[in-house]
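# Overview (structure and organization)
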Amino acid sequence: MSSLALRKSAPAAGTTPGTAQGPPLRRRIALVPTLTLLLGALYCLLPVAWVVIAATKSGRELFSTFTFLPGTGFTQNLKDLNAYRDGLYWTWMGNSALYAGLGALLSTAVSALSGYALAVYRFRGRETVFNILMAGVLMPPVILAIPQYLLLAKADLTDSYASVLLPLILSPYGVYLARIYASAAVPGDVVEAGRMDGASEWRIFVRIALPMMVPGLVTVFLFQFVAVWNNFLLPYIMLSDDEKFPITLGLFTLLEQGANTPALYTLVITGATLAVLPLIALFLVIQRFWSLDLLSGAVKS
């Protein structure tokens, strides 16, 4: 009996007595995803850190000091940016806010209606329509840009605000998200109960389904706002008047001019830093809304 106990307690060959074998190995394996995420975060945040630090440097400091050493020219850079062509930069920012804000609102409304209809109603060809929309998700924007330009040119709408807004209203990915969320968040028996009470289909959608879909629609709005704010190709093709440029296209024109006027590089970097701030503010506001909505949902349940 004692020899059997000794055999059971004997350590494996090639190991140190008194050390546990399983947990340290599992902990080392568990560190791999964490290190991968840290490397990914570092890869994404380093360019942002460079832009923020470079925005503090004057034109002379930008090319003569250490990359991640802050400079002393941020205030002057802001003054120069504000003075450039009588504040044209802020016109670009306003245009981007118009394109992204109005475009995201219209796209979210269309996605809500389309997603709800595809989730709740049963009609012939429903899956075919949905599959066509899903094919639109896989379609690269560069393929659609030229046909969109030709269509809007026929309608004499190029070089206008509508030429940028109209192609952004229908978002296949937004419709997909709205349908998935409506299928999960809007119970069919609730819709049937509304019909039995005599409510119209529009009233059921506005008063019953839409409040249930709000968290998903907030996500659609955020994705679409960021996509429109960062959009470059469509305005580049549609617009020729720089007074109607969004911030992305405006900074691109500044960067092109910087090849002949290096002093404009500081304006481009400072402008790019300021252009990120609205996205950060929007994300923080919407994140707070998500938290409040989840808490209210927990209280209701």
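Residues numbered from 1 in each chain as written. Predicted model: local features only at pLDDT ≥ 70, side-chain atom pairs only at ≥ 80, totals over all residues. Heavy atoms only, no water.

## A look at the overall build of the chain
A tally of regular secondary structure across the chain gives 14 helices and zero strands. Moving toward the C terminus, one meets the helices and strands of the chain in the order α-α-α-α-α-α-α-α-α-α-α-α-α-α. Across the 301 residues that make up the chain, the buried fraction comes to 32%. Long-range pairs, those at least 24 residues apart, make up 71% of the contacts in the chain with a sequence separation of at least 6. Element-wise, carbon and sulfur atoms account for 69% of the exposed surface of the chain, whose accessible area totals about 18400 Å². (Helix = DSSP H or I, 4+ residues; strand = E, 2+ residues; numbered from the N terminus. Buried < 20%, exposed > 50% of the residue type's maximum accessible area, 1.4 Å probe, protein only. Contact = heavy atoms within 4.5 Å. Areas by Shrake-Rupley, 256 points an atom, 1.4 Å probe, with all protein chains shown as cover.)

## Considerations on the packing of helix α6 (residues 126-138) against helix α9 (residues 172-185)
Two quantities define a packed helix pair, namely the angle between the axes and the distance from one axis to the other. Running from amino to carboxyl end, α6 crosses α9 at an angle of 130 degrees, the nearest separation of the two axes being 8 Å. Classed by the angle they form, the pair α6 and α9 counts as oblique. Regarding α6 and α9, the two cross each other, and that crossing is left-handed. Between α6, through Arg126, Glu127, Phe130, Leu133, Met134, Gly136 and Val137, and α9, the contact on the second element is made entirely by Pro172, Tyr173, Val175, Tyr176 and Arg179. (Axes fitted to C-alpha atoms, helices over the stretch in contact; angles between N-to-C directions. Parallel < 35°, antiparallel > 145°, perpendicular 65-115°, else oblique. Left-handed = near helix turned anticlockwise from the far one by under 90°.)

## Digging into the nonpolar core
In this structure, Tyr84, Tyr89, Trp92, Phe225, Trp229, Ile247 and Leu254 are the most contacted members of the largest nonpolar core, which totals 35 residues. Going through the elements one at a time, α5 (88-120), α8 (161-165), α11 (201-229), α12 (233-238), α13 (247-258) and α14 (264-300) are the ones with two or more residues in this core. The element that contributes the greatest number of residues to this core is α14, accounting for eight residues. Not counting residues up to four positions away in its chain, the partners in contact with Trp92 are Tyr84, Asp242, Phe245, Pro246, Ile247, Gly250, Leu251, Thr253 and Leu254. By size, the runner-up hydrophobic cluster in this structure holds 12 residues, among which are Ala178, Val191, Met213 and Leu217. (Core = buried A, V, L, I, M, F, W, Y, C linked by side-chain atoms within 4.5 Å.)

## Details of the pattern of salt bridges
Going through the model one piece at a time under the given rule, you end up with five salt bridges. Here Arg179 ties to Glu127 by a salt bridge, and the two come within 3.1 Å at their closest N and O atoms. Of this pair, Arg179 sits in helix α9 while Glu127 is found in helix α6, placing the two residues 52 residues apart along the sequence. Given the relative accessible area of 11%, Arg179 is considered buried. Note on Glu127: relative accessible area 37%, which makes it partly exposed. (Salt bridge = Lys/Arg side-chain N within 4 Å of Asp/Glu carboxyl O.)

## Section: the side chain of Arg126
Structurally, Arg126 is set in helix α6. According to the relative accessible area criterion, Arg126 is buried, its value standing at 13%.

## Topic: the side chain of Ser163
Take Ser163: it is sitting in helix α8. Among the polar contacts listed, one links the side chain of Ser163 to the backbone oxygen of Ser160, at a separation of 2.5 Å. Among residues more than four places away in sequence, those in contact with Ser163 are Leu152, Leu157, Thr158, Leu234, Met238 and Leu239. (Polar contact = N/O pair within 3.5 Å; in protein donor to acceptor, adjacent residues only side chain to side chain.)

## Points about the environment of Tyr89
Inspection of the secondary structure assignment puts Tyr89 in helix α5. Residues Tyr89 and Leu251 lie 162 residues apart in sequence; the distance between their C-alpha atoms is 8.4 Å. Excluding its chain neighbours within four sequence positions, the residues that come into contact with Tyr89 are Leu81, Ile247, Leu251, Gly271, Leu274 and Ala275. Here Gly271 takes part through its backbone oxygen, which lies 2.6 Å from a polar atom of the side chain of Tyr89.

## Here we look at the packing of aromatic side chains
Under the definition given, this model contains 15 aromatic pairs. Ring geometry for Tyr99 against Tyr161: centres 5.8 Å apart, planes inclined by 45 degrees, an arrangement best described as tilted. Linking Tyr99 in helix α5 with Tyr161 in helix α8, this pair joins segments that are 62 residues apart in sequence. Judged by its relative accessible area of 2%, Tyr99 falls in the buried class. According to the relative accessible area criterion, Tyr161 is partly exposed, its value standing at 32%. Seen from their ring centres, Tyr236 and Phe252 are 6.0 Å apart, and the 90 degrees between their planes marks the pair as edge-to-face. One end of the pair, Tyr236, is in helix α12; the other, Phe252, is in helix α13, with 16 residues separating them in the sequence. Relative accessible area serves as the criterion here: at 46%, Tyr236 is assigned to the partly exposed category. An aromatic cluster of three or more residues is present, and its members are Tyr116, Tyr121, Trp202 and Phe205. (Phe/Tyr/Trp six-rings, centres within 6.5 Å; stacked < 30°, edge-to-face > 60°.)

## Here's the deal with the environment of Leu239
Relative to the elements of secondary structure, Leu239 occurs in the loop between α12 and α13. Beyond its immediate sequence surroundings of up to four residues, Leu239 is in contact with Tyr99, Asp159, Ser160, Ser163, Val164, Lys244, Phe245 and Pro246.

## Considerations on a nonpolar patch on the surface
A contiguous nonpolar surface patch, about 700 Å² in accessible area, is contributed by Leu39, Leu42, Leu46, Trp50, Phe66, Phe68 and Leu69. On the secondary structure map, Leu42 appears in helix α2 (residues 22-54). (Patch = residues over 30% accessible without salt bridge, like charges linked within 9 Å, V, L, I, M, F, W, Y side chains within 5 Å.)

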